[in-house]
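Chain residues, written in single-letter form:
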Amino acid sequence: MISSAWAWALASVFAVSLLSFAGVLFSLIFSRQRLQPTVFVMVGLAVGAMLGDTFIHLLPESFARAGASLATSLYCLAGILLFFILEKFLLWQHDHAAEHTHPIRPVGFINLVADSLHNFMDGILIGASYLVSVPIGIGTTLAVCLHEIPQEIGDFGVLLHAGFSPPKALWLNFLTAALAIAGAVLALLIGARLSPFVEAVLPLTAGGFIYIAGSDLVPELHKERQPLQAAVQLLAIGTGIGLMLLLKLWGSG
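Below is a short write-up of the structure. Quick caveat: nothing in here was measured; it's all calculated off a predicted structure.

1. A few points about the overall build of the chain
Within the chain one finds 11 helices and zero strands. A total of 253 residues make up the chain; the buried ones form 45% of that total. Intrachain contacts of the chain at a sequence separation of at least 6 include 84% that bridge at least 24 residues. Taken as a whole, the chain presents about 12200 Å² of accessible surface, with 74% of it coming from carbon and sulfur.

2. Brief notes about helix 8 (residues 166–177)
Here helix 8 contains 12 residues, and its C-alpha end-to-end distance of 16 Å stays within 8% of the 16 Å for a straight helix at 1.5 Å per residue. For helix 8, the complete set of buried residues consists of P166, A169, L170, L172, N173, F174, T176 and A177.

3. Some words on helix 10 (residues 195–221)
Each α-helix winds once per 3.6 residues, and so residues spaced three or four apart point in a common direction. Here helix 10 is 27 residues long and its end C-alpha atoms lie 38 Å apart, about the 39 Å a rise of 1.5 Å per residue gives. Its axis deflected by about 30 degrees at A213, helix 10 carries its strongest bend there.

4. A look at the pattern of salt bridges
If you walk through the whole model with that rule in mind, you get one salt bridge. Between E61 and R65 there is a salt bridge, and its shortest N-O distance comes to 2.9 Å. Note that E61 and R65 are positioned in helix 4 (residues 39–66) at a spacing of four residues, about one turn of the helix. Given the relative accessible area of 32%, E61 is considered partly exposed.

5. Description of the packing of helix 4 against helix 10
Look at helix 4 against helix 10: their axes get within 9 Å of each other, and the N-to-C directions meet at 155 degrees. Relative to helix 10, the element helix 4 lies roughly antiparallel. In this structure, the crossing between helix 4 and helix 10 has a hand that is left-handed. Class assignment of the residues belonging to the contact of helix 4 with helix 10 gives a composition of 21 nonpolar, four polar and four charged.

6. Remarks on the packing of aromatic side chains
Centre-to-centre distance and the angle between the planes together describe a pair of aromatic rings. Within this structure, the stated rule accounts for three aromatic pairs. Pairing F109 with F164 gives two aromatic rings, centres 5.8 Å apart and planes at 80 degrees, and the pair type is edge-to-face. Placement of F109 in helix 6 (residues 106–132) and of F164 in the loop between helix 7 (134–162) and helix 8 is noted, with a sequence separation of 55 residues between them. When its relative accessible area of 35% is taken as the criterion, F109 is described as partly exposed. When its relative accessible area of 4% is taken as the criterion, F164 is described as buried.

So, how was this worked out
- Residues numbered from 1 in each chain as written.
- Predicted model: local features only at pLDDT ≥ 70, side-chain atom pairs only at ≥ 80, totals over all residues.
- Heavy atoms only, no water.
- Helix = DSSP H or I, 4+ residues; strand = E, 2+ residues; numbered from the N terminus.
- Buried < 20%, exposed > 50% of the residue type's maximum accessible area, 1.4 Å probe, protein only.
- Contact = heavy atoms within 4.5 Å.
- Areas by Shrake-Rupley, 256 points an atom, 1.4 Å probe, with all protein chains shown as cover.
- Expected span 1.5 Å × (residues − 1).
- Bend = angle between axes of the 7 residues up to and from the residue.
- Salt bridge = Lys/Arg side-chain N within 4 Å of Asp/Glu carboxyl O.
- Axes fitted to C-alpha atoms, helices over the stretch in contact; angles between N-to-C directions.
- Parallel < 35°, antiparallel > 145°, perpendicular 65-115°, else oblique.
- Left-handed = near helix turned anticlockwise from the far one by under 90°.
- Nonpolar A, V, L, I, M, F, W, Y, C, P; charged D, E, K, R; others polar.
- Phe/Tyr/Trp six-rings, centres within 6.5 Å; stacked < 30°, edge-to-face > 60°.

Here it is as structure tokens:
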């Protein structure tokens, strides 16, 4: 039973990690010159996916696990403050390097941190579900895959917006996605003893997504002021939220 769970779980998280290359489709379809104008659309998709994931998946799951717990709200607020502090530090580094180089925008790095936490949690959820049964594990893996596709495309857009080249954005996206493997291994090794850790990390990740979407990405979207571009951005945000909602309805159906 345990060996079967390990085999299924590791195969599943490896498949999920490969979804990080969803952004490569955009690189293959568009040249770099044609890719750049589409970045703001992918940033809009990232805003919708992050906010949708936070308010439709992460926070409801956090409260379901902990009940009407004040700790869950405080963890979420702590996540917002944690990423605020992280960005302050990165901005300080950015200012000191600006005279000699053209450094990457801080939003790229804080997005990588938040996405790493998120993918690590996905791995934990997949690994824990296979400890229950293979069918439940497969169902969880499918849900994570459906969730990851829009998320990874959005993340790719954020990394391009931050100044990473397309190849480096794809590679970094894969490295953060691969943390799902570490999460699954931890879940398989520790099992039920992970519950307090999960109850803390879920709302921390939610707070990080709220901060990134509201503080870094939405202000960037406001820089595009043409009515048509604004309409496309709104459609991209709605698409990201809609995909998260469809996933929730599909999972509860």
